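# Tertiary structure, described
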Amino acid sequence: MRIILAPMEGLADVHLRRLITAQGGFDWSVSEFVRVVDRPYPDRVLYGMCPELMNGGRTDSGTPVRVQLLGSDAEAMAANALRAVELGSYGIDINFGCPSKTVNRRNGGAIMLQEPESLYRVVSAVRAALPTSVVVSAKMRLGFDDTSLMLENAAAIEAAGATELTVHARTRRQGYAPPAHWHELARIREHIRIPLIANGDICSVEDYHRCVAATGTVDVMLGRGAVRMPSLARQIRDNCPQDSPWVSIEPLLNDFWRQLSAVLSPRDRIGRIRQWVNYLRQRHPEAEVLWQLIRQESDIQRLDAVL
Ligand SMILES: Cc1cc2nc3c(=O)[nH]c(=O)nc-3n(C[C@H](O)[C@H](O)[C@H](O)COP(=O)(O)O)c2cc1C
């Protein structure tokens, strides 16, 4: 069993990755995507997207972090991949799932699922640029509009030399709307030999077992479920369906709020705390009470007192 913390741009940043991975149970985490256009970035861009590179490529609790790259320029992707690995990234993940119109318009993310050769081109270039000991993984959706190229896309990624494939069990068209179509992952697993990591709507220990039964893979990537319940990976590992009590989450919120004060403007800091509490209230009734207190509060002193 391997459990990975999902990349979540604008949500699972370095601060949340630190807090969530500190709860234990994760084998590694993936950074928010670095959008590669047509050239190598200066190191500060890679450090900015993945500050853990300044910490040996690990979160404070020691969980490795893998830099995720997004783009269709194979040469530029390869150059940035090599630099990220030289700076300490725990392998490279390539994003073929991003549904954003802006990103897709520039031929990056999920749009590439319409053209398996483009996946092959990018993965092979990245693979060729890196020592064979370095892991190259890819993350895709079931397809762009439909699943017609699903198996071909997975096969192209494998043939290009990827070591692992994560699949978010939805097409781009399906966005993030439930349900996740785990049964499709079973077809992909049967079609490839590299390990398949299942992703999408695994939010509880029970979901994990249902996902394993549907897909046949024990490796999973947890996204929003871990934001709502930071101990989710540990619960799955210990097979403990009992949720962590709210008293164990309150100090994390407090820690998050304090951390953000050093790096964000008051406005952004308020936005981030509201964002997380909004996720937490989907799981913890106590967070709903907190949400009502902070949702319209913009006075930092009053928020300090509440948090
Ligand atoms: C706010 C947000 C940001 C995301 N950013 C990324 C990203 O940068 N790279 C990526 O591959 N997937 C990204 N995703 C997709 C997640 O990694 C994951 O595939 C998806 O949320 C489904 O898993 P879940 O149901 O466990 O959340 C993002 C999802 C959300 C909700």
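A short tour of the structure in this document, coming up. Just so it is clear, the structure is predicted and the values come from calculations on it, not from any experiment.

### Topic: the packing of aromatic side chains
Under the criterion given, the structure shown has two aromatic pairs. When the ring of phenylalanine 256 is compared with that of tryptophan 276, the centres are 5.1 Å apart and the planes differ by 75°; the resulting orientation is edge-to-face. Residue phenylalanine 256 is located in helix 11 (residues 246-261), and its partner tryptophan 276 is located in helix 12 (residues 266-280); the two are separated by 20 residues in the primary sequence. Residue placement shows arginine 141 over the ring face of tyrosine 176; its charged tip is 5.0 Å from the ring centre.

### With respect to the environment of isoleucine 202
By the element assignment, isoleucine 202 lies in the loop between strand 7 (196-199) and helix 8 (205-215). Given a relative accessible area of 2%, isoleucine 202 falls into the buried group. Placed 18 residues apart in sequence, isoleucine 202 and valine 220 show a C-alpha to C-alpha distance of 8.2 Å. Residues contacting isoleucine 202, with those up to four places away along its chain left out, are Trp182, Asp207, Tyr208, Cys211, Val220, Met221, Leu222, Gly225, Leu232 and Ile236.

### Some words on the site of the ligand
Surrounding the ligand, one finds 16 residues, the nearest of these being Pro7, Gln68, Asn199, Asp201 and Arg224. A distance of 3.2 Å separates a nitrogen atom of the ligand from a polar side-chain atom of asparagine 95. A distance of 2.5 Å separates an oxygen atom of the ligand from a polar atom in the side chain of asparagine 199. Broken down by class, the residue content of the shell around the ligand amounts to six nonpolar, six polar and four charged.

### Examining the layout of surface pockets
In this structure, the largest pocket occupies an estimated 530 Å³ of space. Taken together, 28 residues form the lining of the largest pocket, with Pro7, Met8, Lys139, His168 and Tyr176 sitting closest to its centre. Residue assignment for the lining of the largest pocket shows that the elements contributing at least two residues are strand 5 (136-143), strand 6 (164-171), strand 8 (220-222), helix 9 (224-228) and helix 12. Among the residues forming the lining of the largest pocket, the class breakdown is 13 nonpolar, nine polar and six charged.

### Topic: unusual backbone geometry
Proline 179 follows proline 178 through a cis peptide bond whose omega is 0°. Looking at where proline 179 falls in the secondary structure, it is placed in the loop between strand 6 and helix 7 (182-191). Here the phi dihedral of asparagine 107 falls at roughly 65°; this positive angle occurs in a residue that is not glycine. Within the fold, asparagine 107 resides in the loop between helix 4 (101-105) and helix 5 (116-129).

### So, the environment of arginine 281
Topologically, arginine 281 is positioned in the loop between helix 12 and helix 13 (285-294). Overall, the relative accessible area of 28% leaves arginine 281 in the partly exposed class. In this structure the side chain of arginine 281 is engaged in a polar contact, spanning 2.7 Å, whose partner is the side chain of asparagine 278. Here glutamate 288 takes part through its side chain, which lies 3.0 Å from a polar atom of the side chain of arginine 281.

### Let's talk about the pairing of strand 7
Burial along strand 7 is two-sided: Leu196 and Ala198 and Ile197 and Asn199, pointing in opposite directions, are all buried. In this region the chain leaves strand 6, passes through helix 7 and returns to the parallel neighbour strand 7; the handedness of that crossover is right-handed. Two elements, strand 7 and strand 8, share two bridges in a ladder whose sense is parallel. Considered in strand 8, the bridge of asparagine 199 is made with methionine 221. Taken together, strand 7, helix 8 and strand 8 form a β-α-β motif whose crossover is right-handed.

What counts and how
Residues numbered from 1 in each chain as written. Predicted model: local features only at pLDDT ≥ 70, side-chain atom pairs only at ≥ 80, totals over all residues. Heavy atoms only, no water. Phe/Tyr/Trp six-rings, centres within 6.5 Å; stacked < 30°, edge-to-face > 60°. Helix = DSSP H or I, 4+ residues; strand = E, 2+ residues; numbered from the N terminus. Lys NZ or Arg CZ within 6 Å of the ring centre and 35° of its normal. Buried < 20%, exposed > 50% of the residue type's maximum accessible area, 1.4 Å probe, protein only. Contact = heavy atoms within 4.5 Å. Near = heavy atom within 4 Å. Polar contact = N/O pair within 3.5 Å; in protein donor to acceptor, adjacent residues only side chain to side chain. Nonpolar A, V, L, I, M, F, W, Y, C, P; charged D, E, K, R; others polar. 1 Å grid on protein atoms, 1.4 Å probe; cavity = no way out; pocket = protein on both sides within 12 Å on 5 of 7 lines; lining within 4 Å. Points joined across faces, edges and corners; volume = space filled by probe spheres on them. Right-handed = clockwise from strand over helix to strand, strands pointing away. Pairing = 2+ DSSP bridges.

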